[in-house]
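Architecture and fold: a report
One-letter residues, chain by chain:
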Amino acid sequence: MTSIHEQSRIEELLTQAHLVCQQGQLAQAQRHCLEILEILPDHVDALTLLGVIALYEQNLLRAVEWFDRVIAISPYNAVIHFRRGVALQVLVRLEEAISSYDKAIGVKPDHAEAWSNRGLALHGLKRFDDALASYGKAIAINQEYAEAYYNLGFTLQELTRPEEAISCYDKATTIKPDYAEAWSNRGLALQELKRFEAALASYDKALEIRHEYAEAWYNRGNVLKELRHSAMALASYDRAITIRPDYAEAYLNRGNVFLDIGQFEDALINYNRAIGINPHYASAYSNRGAALKELRRFEAALASYGQALSINPEGEFWLVAYFHIKMVICDWSSFGELSDQLAINIMQEERACNPFPVLALTDSPVMIQQAASNYVGNRHAEPPQGYENIQRERRGKIRIGYYSADFHNHATAQLMVELFEMHDRSRFEIIAFSFGPDPQNDDMRKRLLLAFDRFIDVRAISDRDVASLSRELEIDIAVDLKGFTKDARTDIFAFRAAPVQVNYLGYPGTMVAEYIDYLIADHTLIPERLQPYYTEKIAYLPDTYQVNDAKRRIADKIFSREDMGLPQTGFVFCCFNNNYKITPETFDCWMRILKSIEGSVLWLFEDSPQASANLHREAVRRGVDPGRLVFAQRMALPEHLARHRLADLFLDTLPYNAHTTASDALWAGLPVLTCMGESFAGRVAASLLNAIELPELITLSQEGYEALAIELATDQDKLAGIRRKLEKNRLSTPLFDIGRFTRHIEAAYTEMYERHRLNLAPDHIYIRPS
């Protein structure tokens, strides 16, 4: 029992404790409470205030201890159970927090805050359905409870239900217009739907309410990056970093902007700053690897990707990026292990990789299709509803849009430029949408500018806006020349740039995207038995799918073997494919061929010094003098074509054949020996050889390929006969007949257009030779 004097002192101390607590003098309030407890150890109000102060100061374990003492005295106190739940939730002791909220609700079933916080704890345990039910209870109790709507939106966002999340955030901000967090999260949901302008407005509203809101500045930067407003995005990230100097994510995405605009050193600086703040930031190591790859610092790039994978082995796309760099430099250590792991990732439908590098690693149409499906499934765009069914009045001309980052001195442009020039302008209007560099003094660029009816630079325009512009221009057929290759912008087509959309030339395979209607191919590339591995309808051209520029100039210069580092005598095998296309199996075959032909050499394209050094080492491992590998440096196309005269036979790669390099060789008069696979990429050289009527150079197995290479190297008469046939066929067969090709592809476009006008779904198209 306490005396009257002690009771009076307790009341005085408690009053003073509350007063100084309200004034922010928490230490003094604690002292008053502790003095009360010296008089009366079980004083509930003093214990409660000590718990509240500890909670406010984030001394969470101490807060739980104080609340436990209160509960031991007063077990039916809903407020204390609730506050204990809050402390445990911050400590991420979620099961215990839920238990505390349940006890609060047991005492007071209409405790809306307990129901709402309980939902957040359940969310943390990934018990999303239970969380939604808990928020529903809170809202049923208090329909003006803004925080409950906010929490409900947060969980719906996690469940990839952004439209419903936006509805919740709208309710939260209607109830509480100055709810900055709700405006910011609303922006995130809109961003997920790629409704970037609306997301930007939502972030701006959050910042109007709370100007020093680092996360909103960061999210705003992300949207501006997507809208390709690079300078504005950088400014937003800078504001976020000014407010929060240790904001690693802002440095990461700041680096991503520089990566996108090709300022790779600046990107590297920002990734290093992100890593300096958070040494375990896997994404920063991964993106750092991407920048280092662009800077051709391949070993450092491998190390950076390796660090990313060691931190997070499940990181999206990292394994294939790591593997691809190893292929670029012909580092085949762990080739089998990495191939097996990648195959497992793909076939288990994990979002393992961009599908383009996979083409050089497998000939399996099943795996290639699955890789594309996984990748597309990870992308979300919101096309205009029903746009593909829009009917326009028939015009005099079909309007074709070609979309690419490669309208300059690039392999795609080198193949296609004459087609653009040859299109029948009485029936077609041709528009270029360029999202690649605008190089100065580039003769190819100058030629392309003259070849199109309109040439539109869309580098600084968002994907959605490019699609919108295409619709405003009434493009009838949109032709994607990039697919999943470097600098692709597939969301342009996801937003439906045109009623009919076509994948052509850049990406040799199925995109497994519902927004791509047709794939241009031929019967060699995709015989009917392989159609099930392509989601697009196939537009079959009668000769070959590949267009060629018959104006490609071959330099008059006569190179000597000495000029190119080749021996004065001996058979010269060559392969000018990119080094990443060389697999250990292909190289094994080549080395056996060299061993069989005394004095022969293999003339390869040198993509990097690391690749050359690694290939030399691999030759030694296979018992071949590394001096028998000769490496060709990059040179201008006319001179490159001229140097083909020094080679005797071009050896193709599998699973990714020579494409442009095969047509280059045939144009220069050099026979190409190929082994035809099952995938699109593995059948291109066969398509070209059939179109130039040299099917005798197509083999169906590695054994047949190897045997024919040896036979041609030892039977000079047979090889000479093939060379004479190639010279005769070069200008008399379909491969380099650009007029014939143009008629065929225009016939395909016309049939696509007419099917759409008749409101018929896309279907396979078979063009007859003309």
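All chains use their own residue numbering, which begins from 1 and follows the written sequence. pLDDT decides what is reported in this predicted model: residues at 70 or higher carry local features, side-chain atom pairs at 80 or more are listed and counted, and totals for whole chains, interfaces and linings draw on all residues regardless. Hydrogens and water are ignored here; the side-chain numbers use all heavy atoms of the structure.

Counting its regular elements, the chain contains 33 helices and 14 strands. Dimensions along the principal axes, computed over C-alpha positions, put the chain at roughly 125 × 65 × 45 Å. Going through the 770 residues of the chain one by one, you find that 57% of them count as buried. Any two residues whose heavy atoms approach within 4.5 Å at even a single point are treated as in contact. A sequence separation of at least 24 residues applies to 66% of the contacts in the chain between residues at least 6 apart. A run of DSSP states H or I qualifies as a helix once it reaches four residues; a run of E qualifies as a strand once it reaches two. Both are numbered from the N-terminal end. Only protein chains enter the calculation, and the probe is 1.4 Å; a residue is then buried if its accessible area is under 20% of its type maximum, exposed if over 50%, and partly exposed in between.

With that settled, the discussion passes to the pairing of strand β5 (residues 500-503). Alternating residues of β5 divide into V500 and V502 and Q501 and N503, and every residue in both groups is buried. Pairing analysis gives 4 bridges linking strand β4 (residues 477-480) to β5, with the strands arranged parallel. Residue pairing for β5: A478 is matched across the bridge by Q501. Here 2 bridges tie β5 to strand β6 (residues 518-522), and the two strands are oriented parallel to one another. Opposite V502, over in β6, you have Y518 as the bridge partner. Note on pairing: DSSP must find at least two bridges between two strands before they are called paired.

The next subject is the packing of aromatic side chains. The relative placement of two aromatic rings is captured by the distance of their centres and the angle of their planes. Whether two aromatic rings pair depends on their centres lying within 6.5 Å, for rings of Phe, Tyr and Trp, where Trp uses its six-membered ring; planes under 30 degrees apart make the pair stacked, over 60 edge-to-face, and the rest tilted. Scanning the entire structure with this criterion turns up 29 aromatic pairs. When the centroid spacing of 5.1 Å and the interplanar angle of 35 degrees are considered together, the rings of Y218 and Y247 count as tilted. In this pair, Y218 sits in helix α13 (residues 214-226) while Y247 sits in the loop between α14 (230-243) and α15 (248-260), placing the two residues 29 residues apart along the sequence. By relative accessible area, Y218 is classed as buried at 13%. Ring geometry for F407 against F452: centres 5.4 Å apart, planes inclined by 70 degrees, an arrangement best described as edge-to-face. Here F407, found in the loop between β1 (398-404) and α22 (411-422), pairs with F452, found in the loop between α23 (443-451) and β3 (454-457); they are 45 residues apart in sequence, far enough to count as distant. Assigned by exposure class, F407 and F452 land together as buried.

With that settled, the discussion passes to the sheet that holds β6. An order of β3-β2-β1-β4-β5-β6-β7-β14 is seen for the 8 strands of this open sheet, with the pairing classed as parallel. The open sheet has two free edges, formed respectively by β3 and β14 (765-766), since each of these has just one partner strand. The sheet contact formed by β6 and strand β7 (residues 537-541) spans 5 bridges and is parallel. The residue bridging I520 from the neighbouring strand is A539, located in β7. Relative to the sheet, helix α24 (residues 463-472) contacts β1, β2 (428-434) and β3, its axis offset from that of β2 by approximately 165 degrees. Helix axes are fitted to C-alpha atoms over the stretch in contact, other axes to C-alpha atoms as well, and angles between N-to-C directions run from 0 to 180 degrees.

Next up on the list: the sheet that holds strand β12 (residues 672-675). The strand order across the open sheet built from 6 strands is β10-β9-β8-β11-β12-β13, with neighbouring strands paired in parallel fashion. Bordering the open sheet on either side are β10 (629-632) and β13 (698-699), each of which pairs with just one other strand. Across 2 bridges, strand β8 (residues 572-575) lies against strand β11 (residues 649-651) in parallel orientation. The residue bridging F573 from the neighbouring strand is L649, located in β11. Along the sheet, helix α26 (residues 584-596) makes contact with β8, β9 (601-605), β10 and β11, crossing β9 at roughly 145 degrees. Contacting β9 and β10, helix α27 (residues 609-621) crosses the sheet at an angle of about 165 degrees to β10.

Here the focus is the pattern of salt bridges. Throughout this description, the term salt bridge denotes a Lys or Arg side-chain nitrogen within 4 Å of a carboxyl oxygen of Asp or Glu. Summed over all chains, the structure comprises 50 salt bridges. Residues R161 and E164 are paired through a salt bridge, measuring 2.8 Å at the closest nitrogen-oxygen approach. According to the relative accessible area criterion, R161 is partly exposed, its value standing at 32%. Salt-bridge contacts for D238 lead to R254; the nearest nitrogen and oxygen are separated by 2.7 Å. Note that D238 is positioned in helix α14 and R254 in helix α15, a separation of 16 residues in sequence.

As a rule of thumb, nonpolar side chains are buried together in soluble globular proteins. The definition of a nonpolar core used throughout is a set of buried Ala, Val, Leu, Ile, Met, Phe, Trp, Tyr and Cys residues joined through side-chain atoms within 4.5 Å. Of all hydrophobic cores here, the largest spans 277 residues; its most connected members are Y402, Y504, F573, W590, W603 and M752. Per-element accounting of this core gives the leading share, 8 residues, to helix α19 (residues 318-328).

Expected span, for any helix, means 1.5 Å times one less than how many residues it has. With 13 residues, α26 should cover 18 Å at 1.5 Å per step; its first-to-last C-alpha distance of 18 Å lies within 8% of that length. For α26, the complete set of buried residues consists of P584, T586, F587, C589, W590, M591, I593 and L594.

We now examine the packing of helix α1 (residues 4-22) against helix α2 (residues 26-39). At a minimum axis separation of 8 Å, α1 and α2 run at an interaxial angle of 160 degrees. Here α2 runs roughly antiparallel to α1, going by the angle between their axes. Crossing of α1 against α2: the hand is left-handed. Between α1 and α2, the contacting residues are E6, R9, I10, L13, L14, Q16, A17, V20 and C21 on the first element and L26, Q28, A29, H32, C33, E35, I36 and I39 on the second. All residues other than Ala, Val, Leu, Ile, Met, Phe, Trp, Tyr, Cys, Pro, Asp, Glu, Lys and Arg, Gly among them, are scored as polar; the first ten of these are nonpolar and the last four charged. Partitioning the contact of α1 with α2 into residue classes produces 11 nonpolar, 3 polar and 3 charged. When describing relative orientation, an angle under 35 degrees is termed roughly parallel and one over 145 degrees roughly antiparallel, while 65 to 115 degrees is termed roughly perpendicular and anything else oblique. Whether a crossing is left-handed or right-handed is set by the direction in which the near helix is turned from the far one by less than a right angle, anticlockwise for left-handed and clockwise for right-handed.

Tracing the chain through its elements places N577 in the loop between β8 and α26. Throughout this description, a polar contact denotes any pair of N or O atoms lying within 3.5 Å of each other; where both atoms belong to protein, one of them has to be capable of donating a hydrogen while the other can accept it, and for residues adjacent in sequence the pair is counted only when both atoms sit in side chains. Reaching out from N577, the side chain makes a polar contact with the side chain of D652 at a distance of 3.5 Å. Side chain to side chain, N577 and T653 meet in a polar contact 2.8 Å long. Contacts of N577, omitting those with residues within four sequence positions, involve F605, F650, D652, T653, Y656, N657, A658 and T661.

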